[in-house]
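Here are the chains, one letter per residue:
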Amino acid sequence: MKTVLIVDKSTAMRQLLSFALKDAGYWVVSAASKEDAVDTLDGSKIEMVISGLSENKEGTAFIKEVRSKEDYRFTPIVILTADSRETKSYPRN
C-alpha cells in the first residue's frame with residue numbers, strides 16, 4: 001500500500017483528502033503544519049506529498065526542506081491552492 005503525506009492547516013481539507021485517498025487504497029499520514037510534516041519525514045516510506053501550504057515563505061521553505069532530505073529528494077509534491085494564477089515555479093533543490 002502506497003503512503004501519501006497530506007499537509008494542510010485545515011482539518012476539514014486533511015479529512016476530505018484522507019477519506020478520498022483511503023477509499024482509493026492509499027495509506028495516509030497527515031500533518032497540520034510544516035514542522036509536523038518535516039518531523040514525519042524521518043525515513044518512512046512516503047511516495048507522495050500533498051500540501052495545502054501556500055506558496056508563501058512557509059510553503060517554499062517546506063518544499064526546500066523536503067528536497068534537502070536524501071530519502072525524499074525525488075518524492076512527488078502536489079501543491080493545492082486557491083490561487084488563480086496559471087503557473088508558479090517551485091524550487092527543485
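Provided above is the structure to which this section pertains.
Values in this document were obtained by computation on a predicted structure and should not be read as measured data.

1. A few points about the environment of methionine 1
Inference 1: With respect to the helices, strands and loops of the structure, methionine 1 is situated in the segment before strand E1 (3-7).
Inference 2: Residues methionine 1 and tyrosine 26, spaced 25 residues apart in sequence, show a C-alpha to C-alpha distance of 5.9 Å.
Inference 3: In contact with methionine 1, not counting residues within four places along its chain, are Gly25, Tyr26 and Trp27.

2. A closer look at the sheet that holds strand E4 (residues 77-79)
Inference 1: With parallel pairing, the four strands of this open sheet are ordered in space as E2-E1-E3-E4. Among the strands making up the open sheet, the edge pair consists of strand E2 (27-31) and E4. Averaged over neighbouring strand pairs, the angle between their axes works out to 20° when direction is ignored.
Inference 2: Here E1 runs beside strand E3 (residues 48-51); their pairing, made up of four bridges, is parallel. Paired with leucine 5 across the strands is valine 49, a residue of E3.
Inference 3: Against the sheet, helix H3 (residues 57-68) touches E1, E3 and E4, its axis set at about 175° to E4.

3. Notes on the pairing of E2
Inference 1: By the bridge criterion, five bridges tie E1 to E2 in an arrangement that is parallel. In the strand pairing of E2, threonine 3 is matched with tryptophan 27.
Inference 2: For the crossover from E1 across helix H1 (residues 11-23) to E2, the handedness is right-handed.

4. A short note on the side chain of aspartate 8
Inference 1: With respect to the element layout, aspartate 8 can be found in the loop between E1 and H1.
Inference 2: Among the polar contacts listed, one links the side chain of aspartate 8 to the backbone nitrogen of serine 10, at a separation of 2.8 Å.

5. What about the pattern of salt bridges?
For side chains of opposite charge, pairing can occur when their charged atoms come near one another.
Inference 1: Per the counting criterion, the structure on display carries two salt bridges.
Inference 2: For glutamate 65, the salt bridge identified is with lysine 34, shortest N-O distance 3.5 Å. With glutamate 65 in helix H3 and lysine 34 in helix H2 (residues 34-40), this pair connects stretches of sequence that are 31 residues apart.

So, how was this worked out
- Each chain carries its own residue numbering, running from 1 in the written order of its sequence.
- Note on the predicted model: pLDDT of at least 70 is required for a residue's local features to be given, and 80 or more for side-chain atom pairs to be given and counted; whole-chain, interface and lining totals, by contrast, use all residues.
- To get the side-chain values, take all heavy atoms of the structure and skip hydrogens and water.
- Here a helix means four or more residues in a row that DSSP labels H or I, a strand means two or more in a row labelled E, and each is numbered from the N terminus.
- Only heavy atoms matter for contacts: two residues are in contact if any of them lie within 4.5 Å across the pair.
- Strand pairing is assigned whenever DSSP detects at least two bridges linking the two strands.
- Every axis in this analysis is a line fitted to C-alpha atoms, fitted for helices over the stretch in contact. Angles between the N-to-C directions lie between 0 and 180 degrees.
- Here a crossover is taken to be right-handed if, once the strands point away from the viewer, the path from the first strand over the helix to the second is traced clockwise.
- Pairing of N or O atoms within 3.5 Å defines a polar contact, subject to two protein rules: one partner must be a possible hydrogen donor and the other a possible acceptor, and residues neighboring in sequence count only if both atoms are side-chain atoms.
- Note on definitions: salt bridges are taken to be side-chain nitrogens of Lys or Arg within 4 Å of carboxyl oxygens of Asp or Glu.

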